[in-house]
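Structural features, examined
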Amino acid sequence: MKCPKDRKVELVDGWLSEDLAVHCCPDCQGNWISLDTYEEWRSQQPQWLRQRGATSTPGEIMVEVSPSDNRAGLCPKCDRYLSRSKVQIKTPFYVERCSACGGFWCDRGEWEALVELALSYNLEQVFSGEWQSLIRSRQYLENARQAIVDKLGPEIAGKIFALAEILEQHPNGDFGVAYLMRRLDKPQ
């Protein structure tokens, strides 16, 4: 099998997470995970791990993005182009999958990030529209939060975030929000 990113390099046998057999590229250090091997490995994991979703806050995780991450890859098994799915963290990266055989390609360091995000047990989740939508929503909220900090400063922003949490928890919090909106509604 050839490396999806450099077709001149032969993949060699290797291991991820001590018990997941993969095919590794000795040059770019990426890993090919066949669907059969992945599913067998996953079935041997405890049920609670297989059902758990992402646990780390994406902004906390750093990956040194491989230079080969921006290149399209060809499946080492089928020779078809791999589909890409973006994992939105501080430094975003793409996990790739073959739509024909279902195998996954992780560039150097990406598997470790997926483990830290608790996505390694549910790789197919990364390719679902529902998950991608959730990630975009989280990114939008994080950007909005940062805009508030940038515009009002960290002290006032902190008070606003604390008040928002209080109002969200209160059964009549919407009255507080309505009051603030009326109070701040100034004619132009």
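Residues numbered from 1 in each chain as written. Predicted model: local features only at pLDDT ≥ 70, side-chain atom pairs only at ≥ 80, totals over all residues. Heavy atoms only, no water.

By the naming in an unreviewed UniProt entry, the protein chain is Zf-TFIIB domain-containing protein, taken from Planktothricoides raciborskii FACHB-1370.

Re the overall build of the protein chain
Test applied: Here a helix means four or more residues in a row that DSSP labels H or I, a strand means two or more in a row labelled E, and each is numbered from the N terminus. Taken over C-alpha atoms, the radius of gyration is set against a globule rule of 2.2 Å times the number of residues to the power 0.38. The classification of residues rests on relative accessible area computed with a 1.4 Å probe and restricted to protein chains. Under 20% of the type maximum is buried, over 50% is exposed, and intermediate values are partly exposed. Contact definition: two residues touch when any of their heavy atoms are within 4.5 Å. Each accessible area value is a Shrake-Rupley result obtained with a 1.4 Å probe; residue values ignore everything except the protein chains displayed when judging cover.
Within the protein chain, the regular secondary structure consists of 6 helices and 6 strands. By the compact-globule yardstick of 16 Å for 188 residues, the protein chain is too spread out, its C-alpha radius of gyration being 22 Å. For the protein chain, the C-alpha atoms occupy an extent of roughly 65 × 35 × 25 Å along the three principal directions. The proportion of buried residues among the 188 residues of the protein chain is 36%. At a minimum sequence separation of 6, the contacts of the protein chain that also span at least 24 residues come to 53%. Surface exposure of the protein chain reaches about 11800 Å², of which carbon and sulfur atoms provide 52%.

So, the nonpolar core
The condition that has to hold: Here, nonpolar core refers to any group of buried Ala, Val, Leu, Ile, Met, Phe, Trp, Tyr and Cys residues whose side-chain atoms link them within 4.5 Å.
L20, I33, Y38, V87, F93, W111 and L114 are the most contacted members of the largest nonpolar core, which has 25 residues in total. Put simply, the parts of the chain that give this core at least two residues each are β2 (20-24), α1 (35-43), β5 (93-97), β6 (104-106), α3 (110-116) and α4 (129-152). Beyond its immediate stretch of four places on either side in the chain, F93 contacts V63, D69, S85, K86, V87, E110, A113 and L114. By size, the runner-up hydrophobic cluster in this structure holds 11 residues, among which are V9, C28, W32 and L82.

Notes on the UniProt feature "domain: Transcription factor zinc-finger" (unreviewed entry) in the protein chain
This is how the line gets drawn: UniProt positions are given in the numbering used here, feature names are shortened, and annotations may be inferred rather than shown by experiment.
In the numbering used here, UniProt assigns the feature "domain: Transcription factor zinc-finger" (unreviewed entry) to residues 75-116. In the segment residues 75-116, helix accounts for 17% and strand for 31%; the C-alpha atoms at its two ends are 25 Å apart.

A closer look at the packing of α4 against helix α5 (residues 154-169)
The criterion, for reference: The angle between two axes is taken between their N-to-C directions and runs from 0 to 180 degrees, where each axis is a line fitted to C-alpha atoms and a helix contributes only its stretch in contact. Roughly parallel means an angle under 35 degrees; roughly antiparallel, over 145; roughly perpendicular, 65 to 115; everything else is oblique. Two helices crossing with the near one rotated counterclockwise from the far one by less than a right angle form a left-handed crossing, whereas a clockwise rotation gives a right-handed crossing. Only Asp, Glu, Lys and Arg are considered charged, only Ala, Val, Leu, Ile, Met, Phe, Trp, Tyr, Cys and Pro nonpolar, and every remaining residue, Gly among them, polar.
Across the interface, α4 lies against α5 with an axial gap of 7 Å and an inter-helix angle of 135°. By the angle between their directions, the pair α4 and α5 is classed as oblique. Considering how the two elements wind past one another, α4 and α5 form a crossing that is right-handed. On the side of α4, the interface is formed by R145, I148, V149 and L152, while α5 contributes P154, I156, A157, I160 and F161. For the contact of α4 with α5, the residue count by class is 8 nonpolar, no polar and 1 charged.

So, α5
Basically, it comes down to this: Residue count minus one, scaled by 1.5 Å, sets the expected span of a helix. By arc we mean the arc of the directions from the helix axis to the C-beta atoms, nothing more.
Between its terminal C-alpha atoms α5 stretches 23 Å, which fits the 22 Å expected from 16 residues at 1.5 Å a residue. Those residues of α5 that sit buried are A157, F161 and L167. Each buried residue of α5 lies within a common arc of 130° when the element is viewed along its axis, so the set occupies one face. Opposite the buried face of α5, by more than 90 degrees, sit the exposed residues E155, K159, I166 and Q169. Residues of α5 that are buried make contact with α4 and α6 (173-184).

A look at the state of the cysteines
The condition that has to hold: Two cysteine sulfurs form a disulfide in these notes if their separation is within 2.5 Å.
Evaluation of the coordinates by the stated rule reveals 0 disulfides. This cysteine, C28, is not joined by any disulfide, and C25 carries the nearest cysteine sulfur, 3.6 Å off. C75 forms no disulfide, and the closest cysteine sulfur to it belongs to C101, at a distance of 3.6 Å.

Some words on the pattern of salt bridges
One side chain can pair with another of opposite charge once the charged atoms of both are near each other. To be explicit about the condition: The rule for a salt bridge is simple: a side-chain nitrogen of Lys or Arg has to be within 4 Å of a carboxyl oxygen of Asp or Glu.
Scanning all chains against the criterion turns up 6 salt bridges. Note that E10 is salt-bridged to K2, the shortest N-O span being 2.7 Å. The partly exposed category is assigned to E10, whose relative accessible area is 40%. Measuring nitrogen to oxygen at the nearest pair gives 2.3 Å for the salt bridge that ties R7 to D79. On the criterion of sequence distance, the pair formed by R7 in the segment before β1 (12-16) and D79 in the loop between α2 (47-51) and β4 (83-87) is long-range, its members being 72 residues apart. Judged by relative accessible area, which is 29%, R7 ranks as partly exposed. A residue is classified by how much of its surface remains accessible, and D79, at 48% relative accessible area, is partly exposed. Several salt bridges share partner residues, and in doing so they unite K5, R84, E96 and D107 into one network.

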